[in-house]
Every structure is written in structure tokens, then in C-alpha cells.
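Summary of the model geometry
Residues per chain are reported as follows:
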Amino acid sequence: CRLGRIVDGRMVLSELGEIADRCWQGIPDHFPNAALDAHIVMPNHIHGIIVIHQPSAVGAQHAAPSGALPAAPRRVTPGSLSAIVRSFKAAVTREINATRDAPGTPFWQRNYWEHIIRSADEHRRIYTYIISNPALWADDRLYLSNEEES
């Protein structure tokens, strides 16, 4: 829970959480095909909606190939969700490690969870979940109480 803590149902960002939030908000500066919708930095993870304005670049590229072909080097399509998340995580890690004087130290888990939003109702449900997340923190599967965070 290095990104902050929940106080009275509201997220209070730590210095590291402010770095993550600033880098998230900077995504469109680096990816002109991406627009941001709801997001929240939580104590130990982030939720956010990224709108990609390039249909051929949606979705993740981390699924294993089928068949017994030899593994080809992974290439991430520029502007894809994978490229955006990779760039975001790398930028946050670099800045946090510079702040902590800990070059090369991992910060994020290796992968990420994604979901393609396919309808206005689904968007409304996910948007509400994201903006309500701090108030629901005690019910989150990643929950740690403020006492456990210390």
C-alpha cells in the first residue's frame, strides 16, 4: 500500500501515489490515440478506463500463441493497450525509483487485468465502480487496513 491510504472513504495519495496519478494523466501526451476516462489510484493498485481511438490496436497482446510453433519474440504494437500500460508502468517505476534512490527496483506486478467495454450500460457500471472504489475499499479483494499498511 505504497500509493496512499483510504481515510473516511476517500483516497489520500502518498508521494508515490502522486507520481502514479501524474503519469496516468500524462498518458494522452505520449499516446495521442488514447483518451482517459474514470480512474482512481488505490493504496496498492490502479483502476482506469482508457479509450483507444484506433480499432486495430485494442486489447492486450499477452495471450499465449496456440499450436507447437517456436516462440517468436514478443512485439508490442505501438499505440496498443499493451504499449500504453507498459509505458505507464515503466515511467512510474523510473520516477519512483529515482525518488527512492533505488534504480532497477521492480515496483509493479508483471501483468495487468483488462476488460473491453462493449456497451453504454457496461461503461456506466465500470465507471461507477471505479469512482466508488475508495468507499468500498474494505470489501476489495486487495484490501489491507491502514494498520496493515504500516
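In this report, the structure presented in the accompanying data block is examined. (Residues numbered from 1 in each chain as written. Predicted model: local features only at pLDDT ≥ 70, side-chain atom pairs only at ≥ 80, totals over all residues. Heavy atoms only, no water.)

1. Digging into the overall build of the protein chain
From N to C terminus, the protein chain includes 5 helices and 4 strands. When the helices and strands of the protein chain are listed from N to C terminus, the series reads β-β-α-α-β-β-α-α-α. Each of the 150 residues in the protein chain was classed as buried or not, and the buried ones make up 36%. When contacts within the protein chain are restricted to residue pairs at least 6 apart in sequence, those whose partners lie at least 24 apart make up 56%. Accessible surface computed for the protein chain: about 9,800 Å², of which carbon and sulfur atoms make up 53%. (Helix = DSSP H or I, 4+ residues; strand = E, 2+ residues; numbered from the N terminus. Buried < 20%, exposed > 50% of the residue type's maximum accessible area, 1.4 Å probe, protein only. Contact = heavy atoms within 4.5 Å. Areas by Shrake-Rupley, 256 points an atom, 1.4 Å probe, with all protein chains shown as cover.)

2. Some thoughts on the side chain of Ser80
Summarising the element assignment, Ser80 is placed in the loop between β4 (46-52) and α3 (81-100). Here Ser80 falls in the buried class, since its relative accessible area comes to 1%. Within the structure, the side chain of Ser80 is placed 2.7 Å from the backbone oxygen of Thr77, a separation counted as a polar contact. (Polar contact = N/O pair within 3.5 Å; in protein donor to acceptor, adjacent residues only side chain to side chain.)

3. A look at the environment of Asn97
With respect to the helices and strands, the residue Asn97 is situated in helix α3. A sequence separation of 10 residues divides Asn97 from Phe107, and the C-alpha atoms of the two residues are 8.3 Å apart. Once residues within four sequence positions are removed from consideration, Asn97 is found in contact with Ala102, Pro103, Gly104 and Thr105.

4. What about unusual backbone geometry?
Even without glycine at this site, Asp8 takes up a positive phi of about 50°. Tracing the backbone through its elements, the reader meets Asp8 in the loop between β1 (4-7) and β2 (10-13). In this model, Asp101 sits at a positive phi of 50°, which is unusual for a non-glycine residue. Looking at the element boundaries, Asp101 is found in the loop between α3 and α4 (120-132). Classification of Asp101 as exposed rests on a relative accessible area of 67%.

5. So, the nonpolar core
In terms of nonpolar packing, the biggest core is built from 21 residues, with Ile27, Ile50, Ile84 and Val92 touching the most fellow members. Per-element accounting of this core gives the leading share, 7 residues, to α3. Look past the residues within four positions of Ile50 in its chain and what remains in contact with it is Trp24, Ile27, Ala34, Ala35, Leu36, Leu81 and Ile84. In this structure, Ile6, Ala38, Met42 and Ile126 belong to the second largest nonpolar core, which totals 9 residues. (Core = buried A, V, L, I, M, F, W, Y, C linked by side-chain atoms within 4.5 Å.)

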